[in-house]
Amino acid sequence: MKKGVQCFVCNEIIKETERVLPYPRLKRLFRYSKNTENKEYIKLIRSICSTVSEIPIIQIVRDPNDDIILACALKARADYLITRDKDLLVLNKYYKTNFILPETFLSILRRSGKQV
């Protein structure tokens, strides 16, 4: 069992991220502009996250892309799903995965003494 924080992703999440990164609203929000920055961001995600494969097909929330996130968390047996997505946060929990805001997760880390 690994100690500390481990991040998980699946290829479906990577594909969706690549699809939405060019959206003007996201570019303004996160202040990036070049396509090379998009590619670097994807490389960063792949370098810091463990990739899970063969995620289950589930239909829980209204957005199928959110279902992919839930399926990834389920396959990874994640303790937490850190998100600002209201459609996910309203669920509060799916199986053993708790859905929390980033600030809540940071508070949990500080109390536990774990480093990111």
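### Re the overall build of the chain
Tallying secondary structure elements over the chain gives six helices and five strands in all. From first element to last, N terminus to C terminus, the chain shows the α and β order β-α-α-α-β-α-β-α-β-β-α. The C-alpha atoms of the chain give 15 Å as radius of gyration, which agrees with the globular expectation for 116 residues (13 Å, within 12%). Expressed along its principal axes, the backbone C-alpha trace of the chain runs to roughly 35 × 35 × 25 Å. By residue count, 30% of the 116 residues in the chain fall in the buried class. Carbon and sulfur atoms form 53% of the exposed surface of the chain, whose accessible area is close to 8,800 Å².

### Comments concerning the pattern of salt bridges
Summed over the entire model, instances satisfying the criterion amount to four salt bridges. Where Glu16 meets Arg19, a salt bridge forms, and the shortest distance between an N and an O atom there is 2.7 Å. Of this pair, Glu16 and Arg19 are both found in helix H1 (residues 11–20), three residues apart, which corresponds to roughly one turn of the helix. Given a relative accessible area of 44%, Arg19 falls into the partly exposed group. The shortest N-O distance in the salt bridge between Arg84 and Glu103 comes to 2.5 Å. Of this pair, Arg84 sits in the loop between strand E3 (80–82) and helix H5 (86–89) while Glu103 sits in helix H6 (residues 102–112), and the two are 19 residues apart along the sequence. Residue classification places Glu103 among the partly exposed positions, given a relative accessible area of 43%.

### Here we look at the packing of aromatic side chains
Taken as a whole, this structure holds two aromatic pairs when the rule is applied. A centroid spacing of 4.8 Å and a plane angle of 85 degrees characterise the contact between Tyr94 and Tyr95, whose relative ring orientation is edge-to-face. Given a relative accessible area of 14%, Tyr94 falls into the buried group. On the accessibility criterion, Tyr95 (60% relative accessible area) is exposed.

### Let's talk about the side chain of Thr97
Inspection of the secondary structure puts Thr97 in strand E5 (residues 97–100). Judged by relative accessible area, Thr97 falls into the buried class, the value being 5%. A polar side-chain atom of Thr97 sits 2.6 Å from the main-chain carbonyl oxygen of Ala78. If we skip the residues at most four places from it in the chain, Thr97 touches Ala73, Ala78, Asp79, Tyr80, Leu81 and Asn92.

### Let's talk about the packing of H1 against helix H4 (residues 64–76)
Close contact between H1 and H4 brings their axes to 9 Å; oriented N to C, the two are set at 145 degrees. Like other packed secondary-structure pairs, H1 and H4 cross with a definite hand, here left-handed. Of the residues in H4, those touching H1 at Glu12, Ile13, Glu16 and Arg19 are Asn65, Ile68, Ile69 and Cys72.

### Comments concerning H4
With 13 residues, H4 extends 18 Å between its outermost C-alpha atoms, agreeing within 8% with the 18 Å of an ideal straight helix rising 1.5 Å per residue. Inspection of H4 places Asp66, Asp67, Leu70, Ala71, Cys72, Ala73 and Ala76 among the buried residues, and these make up the whole buried set. Its side-chain oxygen placed 2.9 Å from the backbone nitrogen of Asn65, Asp63 serves as the N-cap of H4. Looking one or two places after H4, you find Arg77, whose phi comes out positive at around 55 degrees.

Calculation notes
- Residues numbered from 1 in each chain as written.
- Predicted model: local features only at pLDDT ≥ 70, side-chain atom pairs only at ≥ 80, totals over all residues.
- Heavy atoms only, no water.
- Helix = DSSP H or I, 4+ residues; strand = E, 2+ residues; numbered from the N terminus.
- Rg over C-alpha atoms; globule rule 2.2 N^0.38 Å.
- Buried < 20%, exposed > 50% of the residue type's maximum accessible area, 1.4 Å probe, protein only.
- Areas by Shrake-Rupley, 256 points an atom, 1.4 Å probe, with all protein chains shown as cover.
- Salt bridge = Lys/Arg side-chain N within 4 Å of Asp/Glu carboxyl O.
- Phe/Tyr/Trp six-rings, centres within 6.5 Å; stacked < 30°, edge-to-face > 60°.
- Polar contact = N/O pair within 3.5 Å; in protein donor to acceptor, adjacent residues only side chain to side chain.
- Contact = heavy atoms within 4.5 Å.
- Axes fitted to C-alpha atoms, helices over the stretch in contact; angles between N-to-C directions.
- Left-handed = near helix turned anticlockwise from the far one by under 90°.
- Expected span 1.5 Å × (residues − 1).

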